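Below are the chains, spelled out letter by letter.
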Amino acid sequence: MSGGGPASYWVEAAHLPGGVARRVRLAVTDGRFTCVEVGVDRQPSDVRLDGMVLPGLANAHSHAFHRALRGRTHGDGGTFWTWRQQMYAVAARLDPDAYLALARALYAEMALAGITVVGEFHYLHHGPGGVPYADPNAMGRALIQAAADAGIRLTLLDTCYLHGGLEASGHVPLDEVQTRFGDGSVDAWAERVALLADSDRVRIGVAAHSVRALSSADLARFPALRGDRPTHVHLSEQPAENRATTSFYGCSPTELLSRAGLLGPRTTVVHATHLSSADVGLLGSSGTGCCVCPSTERDLADGIGPARVLAGAGSPLCLGSDQHAVVDPFEEMRGLELHERLRTGERGRFTPAELMAAASSAGYASLGWPDGGRVEVGALADFVVVRTDTVRTAGCAPSQIGFAATATDVDRVVVGGRSVVLDGQHVLGAVGPTMAEALAALRGGFR
Ligand SMILES: [Zn+2]
């Protein structure tokens, strides 16, 4: 990575917590912003940044191995559930080395797109047949190494996954592929997670996979074991989950999480697509966050969730690329608003500033980095420079650039004061060939 010592920059426009400011000077020392001056001239020692500065962007929901399915699942139609069979075929072929190679390329792709922190919802823990690796966290450590190599921050959301699903008659056992996800019990899962530790650029968070993969008894055990770690849960992505939960438990998945004591500001639910108004009330009144994944939800025909209503009820919103059908935080940012427009027939459901907060500070907070995702003195020096002179961005009002920019307009990405992307290129070199090589190693197990 280039740079790491004190540095200063000057840029024509920057998105600050109070809105877009002009003629901005930034200084960075020891990985944090030490000066943010507005309306000033460039000093001779300042690096001039071409374009506008945005805060570091957070991808709050990732399953790295799903990247292998991009552009390969559209031939035969199908459903979420047939897509999941293809995803399991990839999972069956991964080992720690193959996972490191794939995740390193994916996290580098994220850096190129302006993503400075990723929340990896990690459940592919063990070897074939569920046999633990010599290091029971070998797969998690591969992800930690991948993020370090790619130069971005990682919150490893180590995921508890104990049952193969939920039907009207109850939970079903893990199938052959799913045995790699399971630890046997919530306590055994917690013992394995306890072997992992935070570091400068890594936070260890936790996840309860879903009310399909954890029973009500498992969920009830969860709050005592998670401590104060950020906690994520898949929630009501598909109507089938709601139907099975209602049949077996007599309540909604959201109510089940509430009864288990899992809702609250440290928890983020993912998707929350199919909610009742009572569910919205439980999530909002408890301050539970919600991670919306617009590109995935449209790709898998999940539906459009009540994002605006949730935000109004008190749930902070963040964004994730989930299965990585695309990796482009601008696409997710405007997807949040554009899906609302299609659903309601109204424009301006979210302000551009709200969309930027969802893509930056709210995602950082959800992932356990409350001092990131903002360009202000004292915050982590993570930021993104987007060119304002490309065919896509020329002429845009800086405050509305999220409605026009794409990942390819990202010129520079700085994480903790270090530049990991310069002139639109990752410091590791060309990422495309690395990605192709990692994917080729996985081919054969699926069409
Ligand atoms: Zn997911």
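Our subject is the structure listed above.
Everything numeric in this text was worked out from a predicted model, so none of it was measured.

The rules behind the values
Residues numbered from 1 in each chain as written. Predicted model: local features only at pLDDT ≥ 70, side-chain atom pairs only at ≥ 80, totals over all residues. Heavy atoms only, no water. Donors = N, O, S within 2.8 Å, 3.2 Å for Na, K, Ca; no water. Buried < 20%, exposed > 50% of the residue type's maximum accessible area, 1.4 Å probe, protein only. Helix = DSSP H or I, 4+ residues; strand = E, 2+ residues; numbered from the N terminus. Polar contact = N/O pair within 3.5 Å; in protein donor to acceptor, adjacent residues only side chain to side chain. Contact = heavy atoms within 4.5 Å. Salt bridge = Lys/Arg side-chain N within 4 Å of Asp/Glu carboxyl O. Expected span 1.5 Å × (residues − 1). Core = buried A, V, L, I, M, F, W, Y, C linked by side-chain atoms within 4.5 Å. Phe/Tyr/Trp six-rings, centres within 6.5 Å; stacked < 30°, edge-to-face > 60°. Lys NZ or Arg CZ within 6 Å of the ring centre and 35° of its normal. Disulfide = S-S within 2.5 Å. Pairing = 2+ DSSP bridges. Axes fitted to C-alpha atoms, helices over the stretch in contact; angles between N-to-C directions.

This part covers the coordination of the zinc ion. The protein atoms that coordinate the zinc ion are His-61 (NE2), His-63 (NE2) and His-234 (NE2), at distances spanning 2.1 to 2.2 Å. On the primary sequence, the residues serving as donors to the zinc ion are separated as H-x1-H-x170-H. Accessibility classification places His-61 together with His-63 in one group, the buried group.

Turning our attention to the side chain of Thr-116. On the secondary structure map, Thr-116 appears in strand β6 (residues 115–122). The exposure class assigned to Thr-116 is buried, which follows from its relative accessible area of 0%. For Thr-116, the side chain forms a polar contact with the side chain of Tyr-364, separated by 2.6 Å. The contacts of Thr-116, once residues within four sequence positions are left out, are Gly-56, Leu-57, Ile-152, Arg-153, Tyr-364, Asp-382, Val-384, Val-413, Val-414 and Val-415.

What the rule picks out here adds up to 24 salt bridges. A salt bridge links Arg-25 to Glu-37; the nearest nitrogen and oxygen atoms lie 3.1 Å apart. Remark: Glu-37 occurs in strand β3 (residues 32–38) and Arg-25 occurs in strand β2 (residues 19–29); sequence separation between them is twelve residues. Among the residues examined, Arg-25 registers a relative accessible area of 9% and is labelled buried. Here Asp-183 ties to Arg-192 by a salt bridge, and the two come within 2.9 Å at their closest N and O atoms. Comparing Asp-183 with Arg-192 shows no difference in burial state: the two are buried. One network of salt bridges, with partners in common, ties together Glu-340, Arg-343, Glu-346 and Arg-349.

Moving on, we get to helix α1 (residues 80–91). With twelve residues, α1 extends 16 Å from end C-alpha to end C-alpha; this agrees with the ideal 16 Å at 1.5 Å per step. Near the N-terminus of α1, the side chain that reaches the backbone nitrogen of Trp-81, with its oxygen 3.0 Å away, is that of Thr-79.

What follows covers the side chain of Asp-411. The topology assignment puts Asp-411 in strand β16 (residues 410–415). Once residues lying within four places of it in the same chain are set aside, the contact partners of Asp-411 are Asp-50, Val-385, Arg-387, Val-421, Leu-422, Asp-423 and Gly-424.

The subject of this paragraph is the environment of Ser-169. Summarising the element assignment, Ser-169 is placed in the loop between β8 (165–167) and β9 (170–172). Looking at Ser-169, the relative accessible area reads 64%, which means it is exposed. Sequence-wise, Ser-169 and Tyr-249 are 80 residues apart; in three dimensions their C-alpha atoms are separated by 9.7 Å.

Membership of the largest hydrophobic core comes to 121 residues, with the highest contact counts inside it found for Phe-65, Leu-94, Tyr-107, Leu-219, Phe-222, Leu-257 and Leu-336. Broken down by element, this core gets its largest block of residues, eleven residues, from helix α2 (residues 96–112). Setting aside chain neighbours within four positions, we find Leu-94 in contact with Phe-65, Tyr-99, Leu-124, Tyr-133, Met-139, Arg-180 and Leu-442. Listed in part, the 17 residues of the second largest apolar core include Ala-14, Leu-49, Val-375 and Ala-379.

Take the packing of aromatic side chains next. Aromatic rings considered in pairs are described by the distance between their centres and by the relative angle of their planes. Per the counting criterion, the structure on display carries eleven aromatic pairs. Taking the centre distance of 4.6 Å and the plane angle of 80° together, the rings of Phe-80 and Trp-81 count as edge-to-face. Judged by relative accessible area, Phe-80 falls into the buried class, the value being 7%. Trp-81 gets classed as partly exposed once you look at its relative accessible area, which sits at 30%. Arranged with centres 4.7 Å apart and planes meeting at 75°, the rings of Tyr-123 and Phe-181 form a pair that is edge-to-face. Separated by 58 residues along the polypeptide, Tyr-123 in the loop between β6 and α3 (138–150) and Phe-181 in the loop between β9 and α4 (186–193) bring together distant segments of the chain. The buried category is assigned to Phe-181, whose relative accessible area is 0%. Ring pairs connect the aromatic residues Phe-65, Tyr-88, Tyr-99, Tyr-123, Tyr-161 and Phe-181, which therefore count as one cluster. The ring centre of Trp-369 lies 5.2 Å from the NZ or CZ of Arg-153, which sits over that ring. The ring of Trp-369 has Arg-203 lying over it, and the distance from NZ or CZ to the ring centre is 3.9 Å.

Okay, the state of the cysteines next. One pass over the full model with this rule turns up zero disulfides. Cysteine Cys-251 is unpaired, with the sulfur of Cys-290 as its nearest cysteine sulfur at 19 Å.

Another aspect to go through is the sheet that holds strand β4 (residues 47–55). Read across the sheet, eight strands follow the order β3-β2-β1-β4-β15-β16-β17-β18 without closing on themselves; strand pairing throughout is mixed. Two strands bound the open sheet, and with one partner strand each, they are β3 and β18 (425–426). When strand β15 (residues 383–386) meets β16, the two strands line up antiparallel, connected through four bridges. Looking across to β16, one finds that Val-384 is bridged to Val-413.

Another aspect to go through is the sheet that holds strand β14 (residues 317–319). Spatial ordering of the open sheet is given by β5-β6-β7-β10-β11-β12-β13-β14, a layout of eight strands whose pairing is parallel. Only two strands of the sheet have a single partner each, and these edge strands are β5 (57–62) and β14. Between one strand axis and the next, the sheet turns by 25° as a mean value, whatever way the strands run. Across five bridges, the pairing between strand β11 (residues 231–235) and strand β12 (residues 267–271) is parallel. Its bridge partner being in β12, Val-233 is matched across the sheet by Val-269. Of the strands in this sheet, β6, β7 (153–160) and β10 (202–208) touch α3, which is tilted by about 165° from β7. Helix α12 (residues 352–359) rests against β5 and β14 of the sheet, and its axis sits at about 65° to β14.

Moving on, we get to the environment of Cys-251. The topology assignment puts Cys-251 in the loop between α6 (239–249) and α7 (253–259). Cys-251 gets classed as buried once you look at its relative accessible area, which sits at 3%. Along the sequence, Cys-251 and Phe-330 sit 79 residues apart, while their C-alpha atoms lie 36 Å from each other. With near-sequence residues (within four places) excluded, Cys-251 lies in contact with Thr-245, Thr-246, Leu-256 and Arg-259.

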